[in-house]
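Each chain, written out:
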Amino acid sequence: MSEQQAGRVAVITGAASGIGRGLAEHAGQLGMRLVLADRDPQRLTTLAGELRSRGSEVLARTTDVASAAEMEALRDAALKRFGGVDLLFNNAGVMQTGASWELSESQWRRMLDINLLGVINGLRAFVPTLLEQGRPAHVINTASMAGLVASPFLAAYTVTKQALVALSEVLHHELAALGAPVSVSVLCPGPVASRIMASDQAGAGAAAALGAQLEQSIREGMPAEELAALVFQAIDEKRFWILPHPQFKPALQARTQSILDGTNPVFQLAEF
Ligand SMILES: NC(=O)c1ccc[n+]([C@@H]2O[C@H](COP(=O)([O-])OP(=O)(O)OC[C@H]3O[C@@H](n4cnc5c(N)ncnc54)[C@H](O)[C@@H]3O)[C@@H](O)[C@H]2O)c1
């Protein structure tokens, strides 16, 4: 596996913490050259220093994925430094608990801007370059199990993640139609240990109860290093669907079956 990736260039957004950090560390171990982007300059600088001290070549750039101009600048900087890009991880994202009608307009916009437009900005900035290069490349979009099952009091998060699953599938079909050597994966994890709940602008009532439940399951979640190993295995296999938590598959199966049967959806607590 490692020989396959050594020397290749990985761009990772949201690299400074949690899943992104795990991906960066794993890619560094594989000998990849790293382009790390995050809007948190301090954590980013610390991580870049750690990875350089372990021998990785790192370009670290403070970037807000919600800005198309900043994502284009990230691409330009990556090309200037490394001459090409092989893996693009559109990973940055934030959490927002709250019922559909209770979230404020600014909370909805923040979620759409970061979780959805952030990935769209990544695709618009980098996919033309990947196509021009004409060599194998891979795009990995971090969605969530929330991208596959609908969770109450997680309205904005669920909407953005389901949109990312759809966007990833569309992209996969588009690249296949072009016969391009660029593959796509959509990463749909359950709980992974990270700082994501720190980005939640906590609500009240049922949303607060869900927040507390999520906080615990994320604290006890899969270590990011373990997730990263599964993700790179899927990349090597050019596998589109990455579902690292098999315990959530029955909920997905039940949802799919209810669509096919025309029965009403039933929420299963096990979905958390
Ligand atoms: N942790 C989980 O249980 C879990 C489960 C499923 C999906 N995810 C998804 O994984 C991705 C990574 O989240 P995480 O759990 O590692 O959280 P995290 O908060 O630990 O890391 C996210 C990183 O993204 C950065 N970020 C946030 N907004 C940004 C922006 N606008 N521009 C650039 N960087 C930004 C943060 O500064 C942070 O370093 C997210 O898309 C999240 O929705 C997480």
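Cut-offs applied
Residues numbered from 1 in each chain as written. Predicted model: local features only at pLDDT ≥ 70, side-chain atom pairs only at ≥ 80, totals over all residues. Heavy atoms only, no water. Near = heavy atom within 4 Å. Polar contact = N/O pair within 3.5 Å; in protein donor to acceptor, adjacent residues only side chain to side chain. Areas by Shrake-Rupley, 256 points an atom, 1.4 Å probe, with all protein chains shown as cover. Helix = DSSP H or I, 4+ residues; strand = E, 2+ residues; numbered from the N terminus. Nonpolar A, V, L, I, M, F, W, Y, C, P; charged D, E, K, R; others polar. UniProt positions renumbered as here; feature names shortened; annotations may be inferred. Buried < 20%, exposed > 50% of the residue type's maximum accessible area, 1.4 Å probe, protein only. Contact = heavy atoms within 4.5 Å. 1 Å grid on protein atoms, 1.4 Å probe; cavity = no way out; pocket = protein on both sides within 12 Å on 5 of 7 lines; lining within 4 Å. Points joined across faces, edges and corners; volume = space filled by probe spheres on them. Pairing = 2+ DSSP bridges. Axes fitted to C-alpha atoms, helices over the stretch in contact; angles between N-to-C directions. Parallel < 35°, antiparallel > 145°, perpendicular 65-115°, else oblique. Left-handed = near helix turned anticlockwise from the far one by under 90°. Phe/Tyr/Trp six-rings, centres within 6.5 Å; stacked < 30°, edge-to-face > 60°. Right-handed = clockwise from strand over helix to strand, strands pointing away. Salt bridge = Lys/Arg side-chain N within 4 Å of Asp/Glu carboxyl O.

Things to note about the site of the ligand
What surrounds the ligand is a group of 29 residues, the closest being Ser17, Ile19, Asp38, Tyr157 and Ser194. Within the backbone of Thr63, an N or O atom sits 3.4 Å from a nitrogen atom of the ligand. Interatomic distance of 2.9 Å between a backbone N/O atom of Arg195 and an oxygen atom of the ligand. Protein burial of the ligand: of its 830 Å² of free accessible surface, 95% is covered by the chains. When contributions to the shell around the ligand are tallied by element, the ones reaching two or more residues are helix H2 (18-29) and helix H6 (155-178). Tallied by class, the residues present in the shell around the ligand amount to 13 nonpolar, 10 polar and 6 charged.

What about the UniProt feature "domain: Ketoreductase" (unreviewed entry) in the protein chain?
If you check UniProt for "domain: Ketoreductase" (unreviewed entry), the listed places come out as residues 8-195 in our numbering. Secondary structure content for residues 8-195 is 49% helix and 17% strand, and the end C-alpha separation is 28 Å.

Thoughts on the side chain of Ser183
Position of Ser183 relative to the elements: it lies in strand E6 (residues 182-187). Classification of Ser183 as buried rests on a relative accessible area of 14%. Among all residues touching Ser183, those that are not within four sequence positions of it are Ala137, His138, Val139 and Lys238.

Regarding empty space enclosed by the protein
Applying the stated rule across the entire model yields 1 cavity of 30 Å³ or more. There is about 30 Å³ of room inside the largest cavity. Grouping the constituent residues of the lining of the largest cavity by class yields 4 nonpolar, 4 polar and no charged.

A closer look at the sheet that holds strand E3 (residues 58-62)
The 7 strands lie next to each other as E3-E2-E1-E4-E5-E6-E7, forming an open sheet whose pairing is parallel. With one partner strand each, in any of the chains shown, E3 and strand E7 (241-242) form the two edges of the open sheet. Pairing of strand E1 (residues 9-13) with strand E2 (residues 33-38), which is carried by 5 bridges, proceeds in the parallel orientation. Bridge pairing in E2 places Ile12 opposite Leu36. Against the sheet, H6 engages strand E5 (137-142), E6 and E7, with an angle of about 160° to E6.

Some remarks on the packing of H2 against helix H8 (residues 224-236)
Relative orientation of the contacting elements H2 and H8 amounts to 60°, with a least axis distance of 8 Å. If you check the angle between H2 and H8, you find them oblique. When you trace H2 past H8, the crossing you get is right-handed. In contact with Gly18, Ile19, Gly22, Leu23, His26 and Ala27 of H2, H8 contributes Ala224, Leu227, Ala228, Ala229, Val231 and Phe232. In terms of residue class, the contact of H2 with H8 is made up of 9 nonpolar, 3 polar and no charged.

A short note on the packing of aromatic side chains
Evaluation of the coordinates by the stated rule reveals 2 aromatic pairs. Between Phe89 and Phe232, the aromatic rings sit 5.7 Å apart at their centres with planes inclined by 45°, giving tilted as the arrangement. Highlighted residues: Phe89 in strand E4 (residues 87-90) and Phe232 in helix H8, separated in sequence by 143 residues. On the accessibility criterion, Phe89 (0% relative accessible area) is buried. When its relative accessible area of 0% is taken as the criterion, Phe232 is described as buried. Seen in terms of ring centroids, Phe240 and Trp241 are 4.8 Å apart; in terms of plane orientation they differ by 90°. Their pairing is edge-to-face.

Here's the deal with the pairing of E1
Along E1, 5 of the 5 residues are buried, which leaves the element largely enclosed by surrounding structure. Residue alternation in E1 divides its side chains into two sets, Val9, Val11 and Thr13 and Ala10 and Ile12, and both sets are buried. In the classification by handedness, the crossover that spans E1, the intervening H2 and the parallel E2 is right-handed. With 3 bridges joining them, E1 and E4 adopt parallel strand pairing. By the bridge assignment, Ile12 is partnered in E4 with Phe89.

Overview of the pattern of salt bridges
In total, this model carries 10 salt bridges according to the counting rule given. Among the salt bridges present, the one from Arg135 reaches Asp86, with a minimum N-O distance of 3.0 Å. Here the residue Arg135 occupies a position in the loop between helix H5 (105-133) and E5, and Asp86 occupies one in the loop between helix H4 (68-82) and E4, the gap between them amounting to 49 residues. Between Arg109 and Glu105 there is a salt bridge, with the nearest N and O atoms lying 2.8 Å from each other. Here the residue Arg109 and the residue Glu105 both occupy positions in helix H5, the gap between them amounting to 4 residues, near one helical turn.

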